[in-house]
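# Observations on chain architecture
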Amino acid sequence: MANFAFGLGVGTKSAKGDWLEVYYNQPLLNASETLIKAVAGLVGYQGGNTAIELNASQLNELKAAFVSADASEQTDIADTLAGTEQPLVLTILESDSAPSSTAEVYLKLALLSHRLVKPHGLDLSGMFGLLPNVAWTSEGAIAVDELARRQLQARAQGRTISVNSVDKFPKMTDYVVPAGVRIGDASRIRLGAHVGEGTTVMHEGFINFNAGTLGVSMVEGRISAGVVVGNGSDLGGGCSTMGTLSGGGNIVISVGEGSLLGANAGLGIPLGDRCTIESGLYITAGAKVTVLDDQNNEVQTVKAADLAGKPDLLFRRNSQTGRIEVKTNKSAVELNAELHKHN
């Protein structure tokens, strides 16, 4: 029996019965056939992608299935959830197709933040229409249209409900804290971010969903949706990367390994390995860049997009002329010339 992803979740519903969020403590990627077969008969799973709401009796039966499949982590989860009054859901994805429910979206976001899948490794088509806008508060997720009433009730009981944000995405650390990371301000990392082991995110750093780092990085700037930063690369204070949600179109912006974006720099092209963008310089795809050789002689002028993904480049702005220049090694110059020989 084929399986792509599996998760036993506990979450929050609105007064209308709609899912607001789902927490998956230990989502599984490519769960064993033994586990899926053991679970399928209990919940009537017939295949495909589905989210099945569970009652207390089903949870007890599910625990027995986990034991029979030797799935100790899932057994522990079922043990902990026994007796809960919170809504439970079992989400099984046979394939990585576009999600069709809030529970499915949350499972996929969890897979990313648990580092089981890298950014761009999942089909998230149509996810925004499945994620409700939620008030994330000191008392958990609350439907926006229920917030005023809940705040009044809290005041009547001598409490105050603090609203941290109103958004479709919660902060990642309320759902998972990946091993080996440092995070200065947890509110700036959304669920669905992929934070590589060894990454430090300083207080002004930001990582959106389906984006992040693949290894050791210092993040003091913004990693927008869809942007992936390679191992050993650093993003200086206040720098920005152009995501597909903010003007990047269909171009997937990325940063290679061992690269540096200087403070307040910006990136609108895929950047190769061992590249540097000097502080304050924003490189967009259409920016005109003058290519220099090792002696600082002008070789040619190209669009920055023509340099996308090329390694060992230093982007800088000439302080006298204001033009954008790129310093390359000999092989890079030859490669750039090759790009234009058919123009």
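Not measured: the values here are computed from a predicted model. (Residues numbered from 1 in each chain as written. Predicted model: local features only at pLDDT ≥ 70, side-chain atom pairs only at ≥ 80, totals over all residues. Heavy atoms only, no water.)

### So, the UniProt feature "active site" (unreviewed entry) in the protein chain
This chain's UniProt record puts "active site" (unreviewed entry) on Glu220. Tracing the backbone shows glutamate 220 in the loop between strand E13 (218-219) and strand E14 (222-223). The class for glutamate 220 is partly exposed, based on a relative accessible area of 33%. If near-sequence neighbours (up to four positions away) are discounted, glutamate 220 is found in contact with Met202, Glu204, Gly205, Leu235, Gly236, Gly237 and Gly238. (UniProt positions renumbered as here; feature names shortened; annotations may be inferred. Helix = DSSP H or I, 4+ residues; strand = E, 2+ residues; numbered from the N terminus. Buried < 20%, exposed > 50% of the residue type's maximum accessible area, 1.4 Å probe, protein only. Contact = heavy atoms within 4.5 Å.)

### Here's the deal with the nonpolar core
Counting 36 residues, the largest nonpolar core has Ile277 and Phe315 as its most contacted members. Contributing elements (two or more residues each) for this core: strand E23 (288-292) and strand E26 (324-327). Setting aside chain neighbours within four positions, we find isoleucine 277 in contact with Leu260, Leu261, Gly262, Ala265, Gly266, Leu267, Leu271, Ile283 and Phe315. If you look at the next biggest cluster of nonpolar residues, it comprises 30 residues, including Ala103, Leu107, Leu111 and Leu122. (Core = buried A, V, L, I, M, F, W, Y, C linked by side-chain atoms within 4.5 Å.)

### Observations regarding the sheet that holds strand E8 (residues 163-167)
If you walk across this open sheet you meet the 3 strands as E7-E6-E8, and the pairing is antiparallel. This sheet does not close on itself; its edge strands, each paired only once, are strand E7 (140-143) and E8. Neighbour to neighbour, the strand axes of the sheet diverge by 25° on average, direction disregarded. Relative to E7, strand E6 (residues 134-137) is paired through 4 bridges, and the arrangement is antiparallel. Bridge assignment links threonine 137 to a residue of E7, and that residue is glycine 140. (Pairing = 2+ DSSP bridges. Axes fitted to C-alpha atoms, helices over the stretch in contact; angles between N-to-C directions.)

### Thoughts on the pairing of strand E25 (residues 314-317)
In the sheet, strand E21 (residues 276-277) pairs with E25 via 2 bridges, with the strands oriented parallel. Directly across from threonine 276, in E25, lies its bridge partner leucine 314. Where E25 lies against E26, 4 bridges are found, and the strand directions are antiparallel. Directly across from phenylalanine 315, in E26, lies its bridge partner valine 326. Here E25 folds back onto E26, and the loop between the two strands holds 6 residues, one of which, glycine 322, carries a positive phi near 85°.

### Some points on the pattern of salt bridges
Per the stated rule, a full pass over the model turns up 12 salt bridges. For glutamate 53, the salt bridge identified is with lysine 13, shortest N-O distance 2.5 Å. Placement of the pair is glutamate 53 in strand E4 (residues 50-54) and lysine 13 in strand E1 (residues 5-13), with a sequence separation of 40 residues. On the basis of relative accessible area, lysine 13 is assigned to the partly exposed category, the value being 26%. (Salt bridge = Lys/Arg side-chain N within 4 Å of Asp/Glu carboxyl O.)

### Remarks on empty space enclosed by the protein
Applying the stated criterion across every chain yields a total of 1 cavity of 30 Å³ or more. What lines the largest cavity is Val22, Tyr24, Tyr106, Ala110, His114, Tyr175, Val176 and Leu191. Residue composition of the lining of the largest cavity, grouped by class: 7 nonpolar, 1 polar and no charged. (1 Å grid on protein atoms, 1.4 Å probe; cavity = no way out; pocket = protein on both sides within 12 Å on 5 of 7 lines; lining within 4 Å. Points joined across faces, edges and corners; volume = space filled by probe spheres on them. Nonpolar A, V, L, I, M, F, W, Y, C, P; charged D, E, K, R; others polar.)

### Looking at the UniProt feature "binding site: succinyl-CoA" (unreviewed entry) in the protein chain
Here the UniProt feature "binding site: succinyl-CoA" (unreviewed entry) sits at Arg222, Gly237, Ser240, Ala263, Glu278, Ser279, Gly286, Lys303, Arg316, Arg317, Asn318 and Ser319. In sequence the annotated residues extend across 98 residues, and in space they extend as well, their farthest C-alpha pair lying 26.1 Å apart. Relative to the elements of secondary structure, serine 240 occurs in strand E17 (residues 240-241). With residues near it in sequence (within four places) discarded, serine 240 still touches Arg222, Leu261, Ala265, Gly266, Leu267 and Tyr282. Examined against the element boundaries, glutamate 278 turns out to sit in the loop between E21 and strand E22 (282-283). Contact partners of glutamate 278, with chain neighbours within four places excluded, come to Gly262, Ala265, Phe315, Arg316 and Arg317.

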